[in-house]
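A closer look at the structure
So you can see what is in the structure, the chains are spelled out below.
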Amino acid sequence: MGTAYAAVVLSGGAARRMGGVDKPARPIGGRPMLHRVLAAVADAAPRIVVGPAGPVPEGVRVTREDPPGGGPVAATAAGLALLDPTTTTVALLAADLPLLTPAAVAALLGALDGSTADGACYLDGDGRRQQLCGVWRIAALRAAVDRLAAERGGTVDGAPVRRLLAGMAVREVSWSGSGPPPWFDCDTDEDVRRAEEWTR
């Protein structure tokens, strides 16, 4: 039995580098990016998408951040608000991670399990934390949202993710599995082309 966890997938963002298209709906390997991410967390309960989503698989809940377009921290707060108090762990994921796999999520959960860390996320090849490809203890995330809101006059509208996660104890995970890096996100048309090649 693996770790019981929820998943919150952030599908907002303006996709400015793609001309403002509905980026999570862009297909990679014949499936929308958002659906590929949701498939990687098929064993999570609940699965929540925050932001514009279009049709989603059965059982997936959709909500919006307040205000709409308020950014990833506002979206995180909206997703956390729907979680049952008994759920202790959440995968917090961007919707543009088409190469994410169940094995990659399991590796993050394994890194967090049994540790005293607040979360675990992937490090990319340049040693940067891919903070929206991670798993987190919900109590720590909620406390961080509250702290950040207090610092910003009661709102997290427009706050950056790095401010939310500043000060958290994070286990950094390097991808050692076979296949493409699970944290690879698609910000440009060139990224989409690379992801397509990896999924062939």
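For the structure, see preceding data.
Residues numbered from 1 in each chain as written. Predicted model: local features only at pLDDT ≥ 70, side-chain atom pairs only at ≥ 80, totals over all residues. Heavy atoms only, no water.

Focus: the environment of Thr-188
Along the polypeptide, Thr-188 turns up in the loop between strand E9 (170-174) and helix H6 (189-199). Owing to a relative accessible area of 22%, Thr-188 belongs among the partly exposed residues under this scheme. (Helix = DSSP H or I, 4+ residues; strand = E, 2+ residues; numbered from the N terminus. Buried < 20%, exposed > 50% of the residue type's maximum accessible area, 1.4 Å probe, protein only.)

Some words on the side chain of Asp-191
Relative to the elements of secondary structure, Asp-191 occurs in helix H6. It is Arg-194 that comes nearest to the buried, bridge-free Asp-191 among opposite-charge side chains, at 5.1 Å. Leaving out residues up to four positions away in the same chain, Asp-191 has contacts with Phe-184, Asp-185 and Cys-186. (Lys, Arg positive; Asp, Glu negative; His and termini not counted. Salt bridge = Lys/Arg side-chain N within 4 Å of Asp/Glu carboxyl O. Contact = heavy atoms within 4.5 Å.)

What about the nonpolar core?
Counting residues in each nonpolar core, the largest one holds 31 residues, and the members touching the most others are Val-41 and Leu-100. When residues of this core are traced back to their parent elements, those giving at least two are strand E1 (6-10), helix H1 (33-40), strand E6 (89-94), helix H3 (102-112), strand E7 (119-123) and strand E8 (129-137). Here the element with the most residues in this core is H3; it accounts for six residues. With sequence-adjacent residues up to four places away left out, Val-41 is seen in contact with Tyr-5, Ala-7, Arg-47, Ala-91, Leu-93 and Val-105. Val-73, Cys-121, Leu-141 and Ala-144 belong to the second-largest nonpolar core, a separate cluster that totals 29 residues. (Core = buried A, V, L, I, M, F, W, Y, C linked by side-chain atoms within 4.5 Å.)

Examining the state of the cysteines
With the rule as written, the count across this model stands at zero disulfides. Distance from the sulfur of Cys-133, which forms no disulfide, to the nearest cysteine sulfur (Cys-121) is 8.2 Å. Here Cys-133 falls in the buried class, since its relative accessible area comes to 1%. Its sulfur unpaired, Cys-186 is 12 Å from the next cysteine sulfur, which belongs to Cys-133. Take Cys-186: its relative accessible area is 0%, and that puts it in the buried class. (Disulfide = S-S within 2.5 Å.)

Description of the packing of helix H2 (residues 72-80) against helix H4 (residues 138-151)
In the contact formed by H2 and H4, the axes pass within 11 Å of each other and the chain directions differ by 130 degrees. The pairing of H2 with H4 is recorded here as oblique in orientation. Note that H2 runs across H4; the crossing there is left-handed. Across the interface between the two elements, Val-73, Thr-76, Ala-77 and Leu-80 from H2 touch Ile-138, Leu-141, Arg-142, Val-145 and Leu-148 from H4. Of the residues belonging to the contact of H2 with H4, the class tally is seven nonpolar, one polar and one charged. (Axes fitted to C-alpha atoms, helices over the stretch in contact; angles between N-to-C directions. Parallel < 35°, antiparallel > 145°, perpendicular 65-115°, else oblique. Left-handed = near helix turned anticlockwise from the far one by under 90°. Nonpolar A, V, L, I, M, F, W, Y, C, P; charged D, E, K, R; others polar.)

Topic: the pairing of E6
For a regular strand, side chains alternate in direction, first toward one face of the sheet and then toward the other. In terms of residue burial, E6 counts as a mostly covered element, since six of its six residues are buried. Side chains Thr-89, Ala-91 and Leu-93 project from E6 onto one buried face, and the interleaved Val-90, Leu-92 and Ala-94 project onto a second face that is buried too. Where E1 lies against E6, five bridges are found, and the strand directions are parallel. Looking across to E6, one finds that Leu-10 is bridged to Ala-94. As judged from the five bridges shared by E6 and E8, these two strands associate in the antiparallel manner. Looking at the pairing, Ala-91 lines up with Val-135 of E8. (Pairing = 2+ DSSP bridges.)

Some thoughts on the sheet that holds E9
Spatially, the seven strands line up as an open sheet ordered E5-E4-E1-E6-E8-E7-E9, and their pairing is mixed. Lying at the two open borders of the sheet, with one neighbouring strand each, are strand E5 (61-63) and E9. Direction aside, the axes of adjacent strands within the sheet are offset by 25 degrees on average. In the packing of H3 onto the sheet, the strands contacted are E6, E7, E8 and E9, and the crossing angle to E7 comes to about 130 degrees.

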